[in-house]
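Fold and geometry: a report
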Amino acid sequence: MDLKVEGLNVSYDEKSILKNISFNVKSGEIVTIIGPNGSGKSTLIKTISRYLKPRSGDIYFNEVNIRRINTKEIARNLAVLPQVKAVSSDVSIEELVSYGRFPHLKFGKRMGKDDKEVIAWSLEKTGLFHMKDRYVATLSGGERQRAWIAMTLAQKPKMLLLDEPTTFLDICYQMETLEMVKDLNKTLGITVVMVLHDINQAARYSDKMMVMHEGELREYGEPCRIVSKDLLKDIFRIDADIYEDKVNNCPYFIPKKNNNTAGKCQDD
């Protein structure tokens, strides 16, 4: 599913959070949003998903303005995985995944054979079918994240919005989660827009990267153009050497030692 954002402005009370944001995401791409704390990354995700109403500007899915799309239709095509996720301690993995079918049910109707097949498929796709009866509360961080992604898959979405899907995960689970997202993108053609803090991970797993700073879209393009000495210094306030990962065909950086960083790493 294509995404187009034009002239998006978002405010909290009188404070401007997003300032004239415009960009396009092509169907089947993985686009990762990076930027310092407070730059507007999560606000952008919430606005695209209609959790927040913009002060001005437009958002289009496949050339149709979201203002003309009803909520249930959006839920059938767009799945969102927020930073903070809560579920009752007595909910099993299978029950959690079944929630993803709710947008497809007609009023007053129960799940049918097709819905149960989709739930089973989602569990298989995320490697959770053998543990579907376990309570979500008993899972490890990586298993829990897979369960939530399985729920979004059960929606059969055309686009997936992920707000910091690797937060609080050990590096092993971070890689597992991102590898799964990449696999789902390639095998199912799902368009992915996600927020990550790790710039090297963003470069490795993205077709394009979007750099936010102080509510503005500063750069947008392929990782080889985005990961640069100047950008890292200007936006993230770090000096670094840039290298090429020839195996994964992406850039990566290693920060240089800097003895004059005191007071520079404050939140924006």
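Further up the page is the structure itself.
The present account deals with the structure reproduced in this document. Everything numeric in this text was worked out from a predicted model, so none of it was measured.

A separate point is the sheet that holds strand 4 (residues 56-61). Across the sheet, which stays open at both edges, the four strands sit in the order 2-1-4-5 with antiparallel pairing between neighbours. The open sheet terminates on both sides in strands that have one partner only, identified here as strand 2 (15-25) and strand 5 (64-65). Summarising the sheet, strand 1 (residues 3-12) and strand 4 pair through five bridges and their orientation is antiparallel. Along strand 4, the bridge assignment pairs N9 with S56. Where helix 1 (residues 41-48) meets the sheet, it contacts strand 1, strand 2 and strand 4, and its direction lies at approximately 65° from that of strand 2.

A surface patch of nonpolar side chains, amounting to about 270 Å² of accessible area, comprises Y243, Y252 and I254. Mapped onto the secondary structure, Y243 falls in strand 11 (residues 240-245). For Y243, a relative accessible area of 37% corresponds to the partly exposed category.

For T43, the location among the structural elements is in helix 1. Look at T43 and you get buried, because its relative accessible area is 8%. Sequence-distant contacts of T43, defined by excluding residues within four places in its chain, comprise V10, Y12, I17, L18 and L52.

Bringing the packing of aromatic side chains into the picture now. On inspection of all chains with the given rule, the structure shows three aromatic pairs. Seen from their ring centres, Y99 and F102 are 5.5 Å apart, and the 45° between their planes marks the pair as tilted. With relative accessibility at 28%, the residue Y99 sits in the partly exposed group. By relative accessible area, which is 45% here, F102 ends up partly exposed. On the basis of an interplanar angle of 25° and a centroid distance of 5.5 Å, the ring pair of Y243 and Y252 is categorised as stacked. Here the guanidinium or amino end of K4 rests over the ring plane of Y60, the centre of that ring lying 5.0 Å away. Over the ring of F129 we find K132; its NZ or CZ atom is 5.6 Å from the centre of that ring.

The next point concerns the pairing of strand 4. Working note: regular strand, side chains alternate between the two faces of the sheet. Relative to strand 5, strand 4 runs antiparallel, the two being bridged by two bridges. Looking at the pairing, F61 lines up with V64 of strand 5. Adjacent in sequence and paired antiparallel, strand 4 and strand 5 are bridged by two residues, among which N62 carries a positive phi angle near 50°.

This part covers helix 6 (residues 171-188). For helix 6, spanning 18 residues, the distance from its first C-alpha to its last is 25 Å, which sits close to the expected 26 Å at 1.5 Å a residue. Restricting attention to buried positions, one finds in helix 6 the residues Q174, T177, L178, M180, V181, L184 and N185. Taken end-on, helix 6 shows its buried residues confined to a sector of 155°, consistent with a single buried face. Helix 6 presents I171, C172 and K186 as exposed residues on the side facing more than 90 degrees away from its buried surface. Buried residues along helix 6 sit in contact with strand 3 (30-34), helix 4 (113-125), helix 5 (141-154), strand 7 (159-163), strand 8 (191-195) and helix 7 (199-205). Residue G189 follows helix 6 closely and has a positive phi angle near 70°.

Once that is clear, we can look at the layout of surface pockets. Using a probe with the size of a water molecule, rolled over the atoms, empty space left in the structure can be pinpointed. In this model, the largest pocket occupies a volume close to 410 Å³. Along its surface, the largest pocket is lined by 18 residues, and Y51, A75, L78, V80 and Q155 are the ones closest to its centre. When contributions to the lining of the largest pocket are tallied by element, the ones reaching two or more residues are helix 2 (71-77), strand 6 (78-81) and helix 5. Residue composition of the lining of the largest pocket, by class: twelve nonpolar, four polar and two charged.

Parameters and conventions
- Residues numbered from 1 in each chain as written.
- Predicted model: local features only at pLDDT ≥ 70, side-chain atom pairs only at ≥ 80, totals over all residues.
- Heavy atoms only, no water.
- Pairing = 2+ DSSP bridges.
- Helix = DSSP H or I, 4+ residues; strand = E, 2+ residues; numbered from the N terminus.
- Contact = heavy atoms within 4.5 Å.
- Axes fitted to C-alpha atoms, helices over the stretch in contact; angles between N-to-C directions.
- Patch = residues over 30% accessible without salt bridge, like charges linked within 9 Å, V, L, I, M, F, W, Y side chains within 5 Å.
- Areas by Shrake-Rupley, 256 points an atom, 1.4 Å probe, with all protein chains shown as cover.
- Salt bridge = Lys/Arg side-chain N within 4 Å of Asp/Glu carboxyl O.
- Buried < 20%, exposed > 50% of the residue type's maximum accessible area, 1.4 Å probe, protein only.
- Phe/Tyr/Trp six-rings, centres within 6.5 Å; stacked < 30°, edge-to-face > 60°.
- Lys NZ or Arg CZ within 6 Å of the ring centre and 35° of its normal.
- Expected span 1.5 Å × (residues − 1).
- Arc of directions from axis to C-beta.
- 1 Å grid on protein atoms, 1.4 Å probe; cavity = no way out; pocket = protein on both sides within 12 Å on 5 of 7 lines; lining within 4 Å.
- Points joined across faces, edges and corners; volume = space filled by probe spheres on them.
- Nonpolar A, V, L, I, M, F, W, Y, C, P; charged D, E, K, R; others polar.

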